[in-house]
Every structure is written in C-alpha cells, then in structure tokens.
Amino acid sequence: GLLRAAEAAASARDHAILRGRAPAGKVLRLTRRFQTTTSPYCQKGIEPVRGMLSKLDSPDGKPSLQIVAKSNKFAAWRTTVRLSPGHYRFQGQAKAVGVAPLLFGKNQGACLRLTGSGQRSRNLTGTTNWETLEMEFEVGTPDLEIGLACELRASAGVAWFDINSLVLVRLR
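Definitions and cut-offs
- Residues numbered from 1 in each chain as written.
- Predicted model: local features only at pLDDT ≥ 70, side-chain atom pairs only at ≥ 80, totals over all residues.
- Heavy atoms only, no water.
- Helix = DSSP H or I, 4+ residues; strand = E, 2+ residues; numbered from the N terminus.
- Buried < 20%, exposed > 50% of the residue type's maximum accessible area, 1.4 Å probe, protein only.
- Phe/Tyr/Trp six-rings, centres within 6.5 Å; stacked < 30°, edge-to-face > 60°.
- Contact = heavy atoms within 4.5 Å.
- Core = buried A, V, L, I, M, F, W, Y, C linked by side-chain atoms within 4.5 Å.
- Pairing = 2+ DSSP bridges.
- pLDDT = per-residue confidence, 0-100.

Undergrad: I'd like a rundown of unusual backbone geometry, residues and numbers included.
TA: A positive phi angle is found at Asp143, which is not glycine, with a value near 55 degrees. Structurally, the position occupied by Asp143 is in the loop between strand E8 (131-139) and strand E9 (144-154). Taking relative accessible area as the criterion, Asp143 reaches 32% and is therefore assigned partly exposed.

Below, the structure is given as structure tokens:
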C-alpha cells in the first residue's frame with residue numbers, strides 16, 4: 001500500500017524502478033551510469049539539512065557513496081528493486097571516519113538497511129577500516145518492491161560505501 005502510493009507520487013523524471021528476476025545463487029549488481037541530482041535542494045546548491053550526500057572516490061581511491069553527518073538525524077542513499085519470493089542478502093563494504101553516535105535511539109552509525117522495516121546490518125561507529133556489512137532477508141510476496149539504503153545515523157562524521165561492492169544476492 002504505502003510503497004505503491006510512494007511510487008505513484010514519485011516523478012518519473014527524478015525516480016526509477018528496477019524490475020527483473022535472477023536465479024538463486026546469482027548476483028544482481030546495480031549500477032548507475034548517468035548523473036542526477038538527489039533533490040531540488042541540491043539543484044540550488046544548498047546542502048540537505050540532514051546530511052550531505054556525494055558520489056565520489058574515497059580517500060583511498062574507491063568509487064563511493066559518501067554521507068557526511070550534518071545534525072542529530074540521519075541521511076541515506078536509497079534505491080528500490082522488485083523481487084520475486086526468495087531469500088536474499090544485501091551486502092557491501094563500508095568505512096566510518098569520526099562517526100559519533102546520536103544521543104538517542106538504538107540505531108547508531110553507518111549501516112545497510114531495508115527501508116520500511118527494522119532490518120539492518122550491524123552498525124559502524126568511530127573510525128574503521130573498510131568492513132563488510134551484510135543482512136539477509138526473506139521475500140514472500142511476488143513482485144514485492146523493496147527499498148535498500150546505505151545509511152548514516154550520527155551527530156558527526158563521515159560514512160563511505162564502496163559502490164562496486166554493493167550487491168544483492170539471491171540465496172534461494
């Protein structure tokens with residue numbers, strides 16, 4: 001219901017929905033080979049209040065999604081996929097630099113997350129090397145739209161997500 005309403009309200013000029021099927025054990029790798037802005041605020045050169053989102057190389061040269069904490073809230077890179085029933089794993093490499101936990105809530109730091117659910121990977125806080133984050137989930141409804149996010153919940157710091165490592169694997 002809610003996801004279908006959001007899909008209907010989204011501007012086709014600014015959003016895309018990916019559809020497809022893959023056999024168990026195969027990797028679905030999502031890549032984007034075009035530039036878009038993340039919001040009308042970015043078009044005006046104003047940084048989003050919740051955090052700054054950038055697609056750029058990390059300090060060690062990996063093509064990455066970067067999230068810079070700007071306040072005591074959260075910011076995330078998001079995409080949606082339609083999936084057939086099955087068991088899946090969303091995984092990727094992430095790195096935290098000076099990530100300070102929020103003073104409230106149980107979810108802190110950088111993580112991978114399924115939007116609209118409580119499911120998430122473990123969280124990275126402080127300063128870390130590149131680490132693998134992963135989470136498994138089940139899809140029972142045919143053609144279900146799932147939101148995938150690279151997220152930072154912090155009062156300060158930077159999270160890096162290695163674009164080339166972000167994959168969705170159908171396990172069965």
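Undergrad: Let's hear about the packing of aromatic side chains: which residues, and what values?
TA: Per the stated rule, a full pass over the model turns up 1 aromatic pair. Measuring from ring centre to ring centre gives 5.7 Å for Tyr88 and Phe137, while their planes differ by 20 degrees; the resulting arrangement is stacked. In this pair, Tyr88 sits in strand E6 (residues 86-100) while Phe137 sits in strand E8, placing the two residues 49 residues apart along the sequence. Of the two residues examined, Tyr88 and Phe137, each falls in the buried class.

Undergrad: With reference to specific residues and values, describe the environment of Asn107.
TA: For Asn107, the position within the fold is in the loop between E6 and strand E7 (109-114). In this structure the C-alpha to C-alpha distance between Asn107 and Arg120, which are 13 residues apart in sequence, comes to 9.1 Å. The residues contacting Asn107, other than those within four sequence positions of it, are Arg120, Asn123 and Arg153.

Undergrad: Just give me the short version of the nonpolar core, but keep the residues and values in it.
TA: Leu83, Phe90, Phe137, Ile146, Leu152, Phe161 and Leu168 are the most contacted members of the largest nonpolar core, which has 29 residues in total. Going through the elements one at a time, strand E4 (63-69), strand E5 (73-83), E6, E7, E8, E9 and strand E10 (156-162) are the ones with two or more residues in this core.

Undergrad: Could you give an account of the pairing of E9, naming the residues involved and the relevant values?
TA: Most of E9 is tucked away, with 9 of its 11 residues classed as buried. Where E5 and E9 come together, 11 bridges link them in antiparallel fashion. The residue of E9 that forms the bridge with Trp77 is Cys150. Pairing of E7 with E9 involves 6 bridges; the strand directions are antiparallel. The partner of Leu114 across the bridge, within E9, is Leu148.

Undergrad: Break down the environment of Leu56 for me, with residues and values.
TA: If you trace the backbone, Leu56 turns up in strand E3 (residues 51-57). Judged by relative accessible area, which is 33%, Leu56 ranks as partly exposed. On a C-alpha basis, the gap between Leu56 and Ile163 in space is 9.6 Å, while along the polypeptide they are 107 residues apart. When near neighbours in sequence (up to four residues on either side) are disregarded, Leu56 contacts Lys62, Pro63, Ser64, Gln66 and Trp160.

Undergrad: I'd like a rundown of the confidence of the model for the protein, residues and numbers included.
TA: On average, residues of the protein score 78 in pLDDT, and 72% of them are at 70 or above. Counted against residues more than four places away or in other chains, residues 1-15, with its pLDDT under 50, gives 8 contacts. Low pLDDT, under 50, characterises residues 33-49; the predicted model gives this stretch 10 contacts beyond four residues in sequence or across chains.

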